[in-house]
Amino acid sequence: MLQNLSNIKEKAVKTIKEAADLESLQEIKVALLGKKGEISQLSRSLGSLSAEERPQMGQAINQAKNSLEHVINEKMAELQKAALAARLNEEAVDISLPGREFLCGGKHPLSLVREEIEEIFLGLGYKIAEGPQVESDYYNFEAMNLPPEHPARDMQDSFYFNEKLLLRTHTSPVQARVMEKQAPELPVKIISPGVVYRRDDDATHSPMFHQAEGLYIDKKVTMADLKGTLLIMVKKLFGADRELRFRPSYFPFTEPSAEVDISCFACGGAGCRLCHGTGWIEILGSGMVHPHVLEMSGYDPELCSGFAFGVGLERIAMLKYGINDMRLLFDNDIRFLNRF
Ligand code: PHE
């Protein structure tokens, strides 16, 4: 039996030393010292020995067990060290590699234009107002002096949910919403940027686009105030040399109405391709708020007057940044967006 033990031990030390990795070492350990392992089996057969032999053999088994445990632990430490070294080698950081590039987002050109316009008007004491994109027929048309069957409704065809609900065709309904809420208090001074929708689609029109509405109502507001205010805006947007030109126009909600042009910033007014040789570029629609519009939203046209304008943000962005196709603004092409 003693001989058997010493054979087992000798063989075991050899296999332990040859273990290739931690898993196989663990398997060897179980096969040797586990509950059903070779050494335990040997202990179980102690009962068959005589009373003299038993303690001697028991001691020998314990010694063998301890020394094998020691050998296993040593081997384990060795394998662990090797595994760590291998991992460190594998995961080593090459500090000579170039760093990873961080992609940092930027603002969309339309956001830049909207923020610039907001800043200009906040500086003039205006407040920012917002309105819903799904708008009622009442605010989009009726309160803007376009009763049902009014022929000028054809200028702004839209997307309808039903007879009374549509995607707003302009930011002008915010005029009525703000006035209605505030009436009869003066002044009303708001700038309202937002998304609008029309049945239009080509290189300079998109079915979804952006406008900013301006509205100023107070005692004795005149067209001179409109012109002075717009002049401040275009000089800030397009340079201090810009001039304005008002052309008579028609909107049901303003009277009189004016289409506003700026002197061409590309040629300074001499005439070029951008301004089609005229020296002027159309940028927005405006006018003095129609007395009926004031009345419908709770203001007395005998006591106050005001101006309004609506400017297309895509148009401003295209002019300002020299973009020749409006669709570029909505394509989300990173090569285009990265330029801003
Ligand atoms: N709402 C008009 C449009 O979208 C623009 C406008 C606004 C004109 C305010 C006059 C006054 O065409």
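The rules behind each value
Position numbers for residues start from 1 in each chain and track the written sequence from start to end. Totals for whole chains, interfaces and linings use all residues, but because this is a predicted model, local features are given only for residues with pLDDT of at least 70 and pairs of side-chain atoms are given and counted only at 80 or more. Calculated side-chain values reflect all of the structure's heavy atoms, with hydrogen atoms and water omitted. For each residue, the test is whether any non-hydrogen atom lies within 4 Å of the molecule or strand; if one does, the residue is near. Here a polar contact is taken to be a pair of N or O atoms separated by no more than 3.5 Å, where protein atoms must pair a possible hydrogen donor with a possible acceptor and residues adjacent in sequence count only if both atoms sit in side chains. The method behind every accessible area is Shrake-Rupley, applied with a 1.4 Å probe, and residues are considered shielded solely by the protein chains displayed. Each helix is a run of H or I in the DSSP string that is no shorter than four residues. Each strand is a run of E no shorter than two, and both are numbered from the N terminus. Residues are grouped as follows: Ala, Val, Leu, Ile, Met, Phe, Trp, Tyr, Cys and Pro are nonpolar; Asp, Glu, Lys and Arg are charged; all remaining types, including Gly, are polar. Axis angles are defined between N-to-C directions and span 0 to 180 degrees, where every axis is a line fitted to C-alpha atoms and, for a helix, only to the segment in contact. By the definition adopted for this analysis, an angle is roughly parallel if under 35 degrees, roughly antiparallel if over 145, roughly perpendicular if from 65 to 115, and oblique otherwise. We call two residues in contact when some of their heavy atoms are within 4.5 Å. Classification of ring pairs rests on two measures: the distance between centres of Phe, Tyr or Trp rings, Trp counted by its six-membered ring, which must be within 6.5 Å, and the angle between planes, read as stacked under 30 degrees, edge-to-face over 60 and tilted in between. Note on exposure labels: buried denotes an accessible area under 20% of the residue type's maximum, exposed denotes more than 50%, and partly exposed covers the range between, all computed with a 1.4 Å probe on protein chains only. A pair of strands is considered paired only if DSSP assigns at least 2 bridges between the two. Domains are outlined according to an automatic or database domain assignment. Salt bridges are defined as contacts in which a side-chain nitrogen from Lys or Arg sits within 4 Å of a carboxyl oxygen from Asp or Glu.

### Details of the site of the ligand
Around the ligand, the structure places 15 residues, and the nearest of them are His-170, Ser-172, Arg-198, Gln-211 and Gly-310. Here Ser-172 contributes a side-chain N or O atom positioned 2.9 Å from a nitrogen atom of the ligand. Burial of the ligand by the protein amounts to 93% of the accessible area it has alone, namely 320 Å². Only β6 (208-218), β9 (280-289) and β10 (305-312) provide two or more residues apiece to the shell around the ligand. Per element, the largest residue contribution to the shell around the ligand is three residues, and it comes from β10. Within the shell around the ligand, the residues separate by chemical class into four nonpolar, nine polar and two charged.

### As for the packing of helix α5 (residues 109-123) against helix α10 (residues 313-321)
As a packed pair, α5 and α10 sit with axes 9 Å apart at the nearest point and diverge in direction by 105°. Taken together, the axes of α5 and α10 are roughly perpendicular relative to one another. In this structure, α5 contributes Pro-109, Leu-110, Leu-112, Val-113, Arg-114, Glu-116 and Ile-117 to the contact, and α10 contributes Leu-313, Glu-314, Ile-316, Ala-317, Lys-320 and Tyr-321. In the contact of α5 with α10, the residues fall into nine nonpolar, no polar and four charged.

### Here we look at the packing of aromatic side chains
Across all of its chains, the model carries nine aromatic pairs by this definition. For the pair Phe-121 and Phe-309, a centre-to-centre distance of 5.5 Å together with 35° between the ring planes defines the contact as tilted. On the criterion of sequence distance, the pair formed by Phe-121 in helix α5 and Phe-309 in strand β10 is long-range, its members being 188 residues apart. Comparing Phe-121 with Phe-309 shows no difference in burial state: the two are buried. Between the aromatic rings of Phe-238 and Phe-265, the centroid separation amounts to 5.1 Å while the plane-to-plane angle is 10°, which identifies the pairing as stacked. Taken as a pair, Phe-238 in helix α8 (residues 223-238) and Phe-265 in the loop between β8 (254-263) and β9 lie far apart in primary sequence, 27 residues in all. With a relative accessible area of 27%, Phe-265 lands in the partly exposed category.

### Things to note about the environment of Leu-110
Among the structural elements, Leu-110 can be located in helix α5. It is 28 Å that separates the C-alpha atoms of Leu-110 and Met-223, two residues lying 113 residues apart in sequence. The residues contacting Leu-110, other than those within four sequence positions of it, are His-210, Leu-313, Glu-314, Ala-317, Leu-329 and Phe-330.

### Some details on the sheet that holds strand β2 (residues 134-136)
As summarised here, the arrangement of the three strands in space is β2-β4-β3, forming an open sheet in which the pairing is antiparallel. Only two strands of the sheet have a single partner each, and these edge strands are β2 and β3 (160-162). The average undirected angle you get between the axes of adjacent strands in this sheet is 30°. Of the pairings in the sheet, the one linking β3 to strand β4 (residues 165-167) comprises two bridges and is antiparallel in character.

### Some points on the side chain of His-170
Mapped onto the fold, His-170 is located in the loop between β4 and α7 (173-182). Here Asn-140 takes part through its backbone oxygen, which lies 3.0 Å from a polar atom of the side chain of His-170. A polar contact of 3.4 Å, which involves the side chain of His-170, links it to the side chain of Ser-172. Beyond its immediate sequence surroundings of up to four residues, His-170 is in contact with Asn-140, Met-144, Gln-156, Val-196, Arg-198, Gln-211 and Phe-253.

### Looking at the domain arrangement of the protein
Entries for the protein in the domain assignment read domain 1 (2-90) and domain 2 (109-337). Domain 1 and domain 2 are separated by 89 Å when their C-alpha centres are compared.

### With respect to the pattern of salt bridges
One pass over the structure, following the stated rule, counts 14 salt bridges. Glu-91 is the salt-bridge partner of Arg-87, the closest N and O atoms lying 3.3 Å from each other. Judged by its relative accessible area of 49%, Glu-91 falls in the partly exposed class. Taking the shortest distance from any N to any O, the salt bridge between Arg-245 and Asp-261 comes out at 2.9 Å. In this pair, Arg-245 is assigned in strand β7 (residues 244-251) and Asp-261 in strand β8, connecting sequence segments 16 residues apart. Taking relative accessible area as the criterion, Asp-261 reaches 2% and is therefore assigned buried. Through salt bridges with shared partners, one network takes in Arg-245, Arg-247, Asp-261 and Glu-282.

### Let's talk about the pairing of β8
Among the ten residues that make up β8, eight are buried, leaving the element largely enclosed by the rest of the structure. Here β7 runs beside β8; their pairing, made up of seven bridges, is antiparallel. Across the sheet, the residue bridging to Arg-247 is Glu-259, located in β8. Counted along the chain from β7 to the antiparallel partner β8, the turn is two residues long. Bridge count between β8 and β9: eight bridges; the pairing is antiparallel. Bridge assignment links Ser-263 to a residue of β9, and that residue is Trp-280.

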